Amino acid sequence: MNFSKIFKNHFTVLLLFFLLIFNTAIAEEYVISSSPSTDIQVVETTQESRFPDYAKMYVGEDKFERFNRKMFNLNSGLNKYVARPIHILWSSIMPKFGMDRLRDAYNNIEYPKRLVSCIIQKDGEGVKIETMRFLTNTTLGLGGLFDPADKLLKIKPTNENMEQALCKCKLKSGSYLVMPVLHSCTPRSLCGRTLEAALDPCLYVAAPVTSIVKFGLMLNRTSYMQPLARMIETTYADPYDIHKKLFGMENYIRNNNLDREELLIEEETLAEQNETNEADLILENYNPQTPVVDSMRTALFENPDVYKSFWGELSIWNRSFAKRIKTGKIEITEGKPEYQFQYIMQRDKTSPLMIIYPSIGEGAKTHHSVIFAKMFYDAGYSVVMQGNPFQWEFVKSMPDGYFPGFPYNDAQKLQLVTSKILEKLQTKYECEFSEKNIIGTSLGAMYTLFVAETESKNNLLGINKFISVCPPIELKYALKQLDKNSEEFNTNPDEVKQKTAVTAAKILQLYQLKNSGDLNIETLPFSDEEGKLITTFVLRQKLSDLIFALEKVPNNKKTDIYETINNMSYRDYAEKYLGLADFETDMEEPEKSNTSLYSINKYLSENNNYLIYHSLDDYFVNKSQLAKLKEYTGDRLKCLNCGAHLGFLYRKEFNDALMEDIKRKI
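Residues numbered from 1 in each chain as written. Predicted model: local features only at pLDDT ≥ 70, side-chain atom pairs only at ≥ 80, totals over all residues. Heavy atoms only, no water.

(A) How the structure looks around the overall build of the protein chain. Looking only at helices and strands, the protein chain has 27 helices and 10 strands in total. Here the protein chain holds 666 residues, and the buried ones make up 60% of them. Of the roughly 27,200 Å² of accessible surface on the protein chain, 55% is carried by carbon and sulfur atoms. (Helix = DSSP H or I, 4+ residues; strand = E, 2+ residues; numbered from the N terminus. Buried < 20%, exposed > 50% of the residue type's maximum accessible area, 1.4 Å probe, protein only. Areas by Shrake-Rupley, 256 points an atom, 1.4 Å probe, with all protein chains shown as cover.)

Structure representation (structure tokens):
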């Protein structure tokens, strides 16, 4: 399975897995499945914090963290300055089709290690499957260049390795290690890799040609890892921590055979669609499940043309839409890192401009922003993509003492950043945009409206229209809803560990179906509990990255910051960094709070240069809040009958209405 693609499809607010989200392949193919086998290895864990510590949960105590972090940084440097240039050269010589064929051939050659692993595990079914696949792909697949066993006979690979065999033999994993070049491992996985090397057929053919072929196959295979490596480097404040989590979770899934049975059982449709007379836009045959699960459908917001290319992602010849997006830099604060933004310009530089403010914790180039950019670019707009103020890179570019969370203050910072971006682009291209618009989603949608209110007073940016999609109405209420999901998973660590792994396995299997073209989703195959697990994982990762940046933690030394993070809720963040301790009082009198849309009701009532989209079952708001907002906005608030929080972005009804409203003159 392709962790790289999954990472790219960030469920803007919600997904690290379903996110962990879409564009290139990684060296390993993951086939994920259902319930655990009877041989599950249960690693004893203890709950020492309010919220799950996923890294510790899956790899245990990081006894050698200081050493591991140094090795991780060394490996990252070697990858960036040595391996990546070679991979770029290779990907620019070999078209994507050729790379895929070599990858399949390499997988076919590795038949002995999978066969022996299955034999040691006394897995007769695995022996049968791998042997049938090897014979089929070696003959009909022209030596393994193609995979007719999967495509024609529907025989899926087992993806067994020797570490799984050692696990079956009750060999303990040992402590987590990061080794030069090898990267993440454990003593058991090192033993497994040694045994796999001994089972490599190329080892027994001592010829220079064989060595060259072997090197070429290895080069081809490892090149698939680069997009994931680059994404981790640039997306997360502490790449070491997220890498450790992914390594631990993948190992747990494999070693407990969660990748061997069918998981994707369609869940019941539990919710009812809201009355159509309450909604302005109807989503026909949506089949609502629960608000949390419906919100996950935002991951279906896709456009296959965004990454489409004859060449691989690393190739200098790749001219897909995503690769044509440029990166710009501006200085916000002297002595601080420059802030990076993304943009793509029309040939006519005076074309109208769309500025995108993404959801909480999202950077400048999220999957949703790229999909929106493609939509607007095709409609004739140049596009600028910015990050959310509640994101670690944004914070690092700001003056010391800046803590995101107050909408009005954050909107002023956004307005400043946007003005500097516009100034740079208009100077660089010697142009004036004929029209400027802003669209925001989730927390970015709330900031959009606060920027609109600020603009009504000083008109720094000259924006024509503001589009807000699913903004929180009362920020403190939204934070409580967000924490509510997390607090349900802080009691039984072993149970959380197992359920999280099964849920991750489901997501990876779902992605595999999507990648093969066999995916036909009417309802997502997740329970409400599984939806909350995913939501919790992703949103807590965003909070973790932010606090890591705020506390200026060095990423090359042992740190105990995660003890603090795993005991901190979003409400705790608001109390510690923003001084917002009067949660309950403010929620009883939201009109007096400067963290709600009610505080800009004068702007909302008197202006018509904005439009708000919301769904009637968004769990970050309630119907009484929507009703009150309607009093201020009138027909400038458009409610959908379902879709929860951003779970309607992929629907044609919404996209058609959005484009029509954006083009409509005020």
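We are not done yet, so read on.
(B) Broad picture of unusual backbone geometry. In the Ramachandran plot, Val-181 falls in the positive-phi region, its phi being about 70 degrees despite a non-glycine side chain. Residue classification places Val-181 among the exposed positions, given a relative accessible area of 68%. In this model, Lys-552 sits at a positive phi of 55 degrees, which is unusual for a non-glycine residue. Tracing the chain through its elements places Lys-552 in the loop between helix 21 (528-550) and helix 22 (561-565).

(C) Local environment of empty space enclosed by the protein. By volume, the largest cavity amounts to about 220 Å³. Around the largest cavity, the lining comprises 21 residues; the ones closest to its centre are Ile-360, Leu-443, Leu-475, Leu-479 and Leu-482. Those elements that place two or more of their residues in the lining of the largest cavity are helix 19 (475-486) and helix 23 (570-578). Here the lining of the largest cavity takes 5 residues from helix 19, the largest share from any one element. (1 Å grid on protein atoms, 1.4 Å probe; cavity = no way out; pocket = protein on both sides within 12 Å on 5 of 7 lines; lining within 4 Å. Points joined across faces, edges and corners; volume = space filled by probe spheres on them.)

(D) Region of the structure containing a nonpolar patch on the surface. A contiguous nonpolar patch, built from Leu-74, Leu-78, Tyr-81, Val-82, Ile-86 and Val-181 and spanning about 590 Å² of accessible area, is present on the exposed surface. For Leu-78, the location among the structural elements is in helix 3 (residues 65-93). Note on Leu-78: relative accessible area 37%, which makes it partly exposed. (Patch = residues over 30% accessible without salt bridge, like charges linked within 9 Å, V, L, I, M, F, W, Y side chains within 5 Å. Salt bridge = Lys/Arg side-chain N within 4 Å of Asp/Glu carboxyl O.)

(E) Geometry of the side chain of Gln-121. Mapped onto the elements, Gln-121 comes out in the loop between helix 5 (111-120) and helix 6 (124-139). By relative accessible area, which is 9% here, Gln-121 ends up buried. Separated by 2.8 Å, the side chains of Gln-121 and Glu-160 make a polar contact. With residues up to four places along the chain from it excluded, the contact list for Gln-121 reads Glu-160, Gln-164, Ala-165, Lys-168 and Asn-257. (Polar contact = N/O pair within 3.5 Å; in protein donor to acceptor, adjacent residues only side chain to side chain. Contact = heavy atoms within 4.5 Å.)

(F) View of the packing of aromatic side chains. Within this structure, the stated rule accounts for 26 aromatic pairs. Seen in terms of ring centroids, Tyr-619 and Phe-620 are 4.5 Å apart; in terms of plane orientation they differ by 35 degrees. Their pairing is tilted. Here the two residues Tyr-619 and Phe-620 agree in accessibility, since each one is buried. By the ring-pair criterion, three or more aromatic residues cluster together here, those being Phe-390, Phe-403, Tyr-570, Tyr-573 and Tyr-577. Sitting above the plane of the Phe-51 ring, Arg-540 keeps its charged end 4.0 Å from the centroid. (Phe/Tyr/Trp six-rings, centres within 6.5 Å; stacked < 30°, edge-to-face > 60°. Lys NZ or Arg CZ within 6 Å of the ring centre and 35° of its normal.)

(G) The confidence of the model for the protein chain, seen in detail. When the pLDDT values of the protein chain are averaged, the result is 86; 86% of them are 70 or greater. In this model, residues 1-46 is a region of pLDDT below 50 whose contacts with residues beyond four sequence positions or in other chains number 213 contacts. (pLDDT = per-residue confidence, 0-100.)

(H) Highlighting helix 3. The end-to-end C-alpha distance of helix 3 is 39 Å, a good match for the 42 Å that 29 residues give at a rise of 1.5 Å each. If you look at helix 3, its biggest bend is around 40 degrees, right at Ala-83, and the proline Pro-85 turns up within four residues after that. (Expected span 1.5 Å × (residues − 1). Bend = angle between axes of the 7 residues up to and from the residue.)

(I) Quick look at the pairing of strand 4 (residues 339-344). Burial of strand 4 is extensive: 5 of the 6 residues sit out of reach of the surface. Pairing of strand 3 (residues 326-330) with strand 4, which is carried by 5 bridges, proceeds in the antiparallel orientation. Bridge assignment links Lys-326 to a residue of strand 4, and that residue is Tyr-343. As paired elements, strand 4 and strand 6 (residues 382-385) share 3 bridges and run antiparallel to each other. By the bridge assignment for strand 6, Gln-342 is matched with Met-385. (Pairing = 2+ DSSP bridges.)

(J) The arrangement of the state of the cysteines in detail. Within the structure shown, the criterion is met by 0 disulfides. Free cysteine: Cys-639, not disulfide-bonded; nearest cysteine sulfur from Cys-470 at 9.7 Å. Classification of Cys-639 by relative accessible area gives buried; the value is 6%. (Disulfide = S-S within 2.5 Å.)

(K) A look at the environment of Ser-419. Topologically, Ser-419 is positioned in helix 17 (residues 407-428). The exposure class assigned to Ser-419 is buried, which follows from its relative accessible area of 15%. Residues Ser-419 and Leu-460 lie 41 residues apart in sequence; the distance between their C-alpha atoms is 7.2 Å. Once residues lying within four places of it in the same chain are set aside, the contact partners of Ser-419 are Leu-460 and Leu-461. Side-chain polar atoms of Ser-419 contact the backbone oxygen of Leu-416, separated by 2.6 Å.

(L) Fine view of the nonpolar core. By size, the foremost hydrophobic cluster in this structure holds 80 residues, and its most contacted members are Phe-390, Tyr-573 and Leu-597. Listed in part, the 38 residues of the second largest apolar core include Met-375, Cys-470, Tyr-613 and Ala-657. (Core = buried A, V, L, I, M, F, W, Y, C linked by side-chain atoms within 4.5 Å.)

(M) Structural detail: helix 27 (residues 652-663). Taking 1.5 Å per residue as the helical rise, helix 27 with its 12 residues ought to reach 16 Å, and the 17 Å between its terminal C-alpha atoms agrees with that figure. Every buried residue of helix 27 is accounted for by Phe-654, Asn-655, Ala-657, Leu-658, Met-659, Asp-661 and Ile-662.

(N) Inspection of the packing of helix 3 against helix 11 (residues 226-235) at higher detail. With their axes 11 Å apart at the nearest point, helix 3 and helix 11 run at an angle of 140 degrees to one another. Comparing the axis directions of helix 3 and helix 11 gives the class oblique. For the pair helix 3 and helix 11, the crossing hand works out as left-handed. Judged by residue contacts, Ser-76, Asn-79, Ala-83, Arg-84, His-87 and Ile-88 of helix 3 engage Gln-226, Ala-229, Arg-230 and Glu-233 from helix 11. Residue composition of the contact of helix 3 with helix 11, grouped by class: 3 nonpolar, 4 polar and 3 charged. (Axes fitted to C-alpha atoms, helices over the stretch in contact; angles between N-to-C directions. Parallel < 35°, antiparallel > 145°, perpendicular 65-115°, else oblique. Left-handed = near helix turned anticlockwise from the far one by under 90°. Nonpolar A, V, L, I, M, F, W, Y, C, P; charged D, E, K, R; others polar.)

(O) Seen up close, the sheet that holds strand 9 (residues 610-615). The strand order across the open sheet built from 8 strands is 3-4-6-5-7-8-9-10, with neighbouring strands paired in mixed fashion. Across the chains shown, the open sheet's two edge strands, defined by having one partner strand only, are strand 3 and strand 10 (637-640). Pairs of neighbouring strands in the sheet enclose a mean axial angle of 20 degrees, with direction left out of account. Bridge count for strand 8 (residues 465-469) against strand 9 is 4 bridges, and the pairing is parallel. Looking at strand 9, one finds that Ser-468 is bridged to Ile-612.

(P) Looking closely at the environment of Leu-604. Counting through the fold element by element, Leu-604 comes out in helix 25 (residues 601-606). Taking the C-alpha atoms as reference, Leu-604 lies 5.6 Å from Thr-633; in sequence the two are 29 residues apart. Apart from the residues lying within four places of it in its own chain, the contact partners of Leu-604 are Leu-597, Tyr-610, Leu-629, Tyr-632, Thr-633 and Arg-636.

(Q) Highlighting the environment of Leu-524. Along the polypeptide, Leu-524 turns up in the loop between helix 20 (493-516) and helix 21. For Leu-524, a relative accessible area of 0% gives the class buried. It is 8.9 Å that separates the C-alpha atoms of Leu-524 and Leu-264, two residues lying 260 residues apart in sequence.

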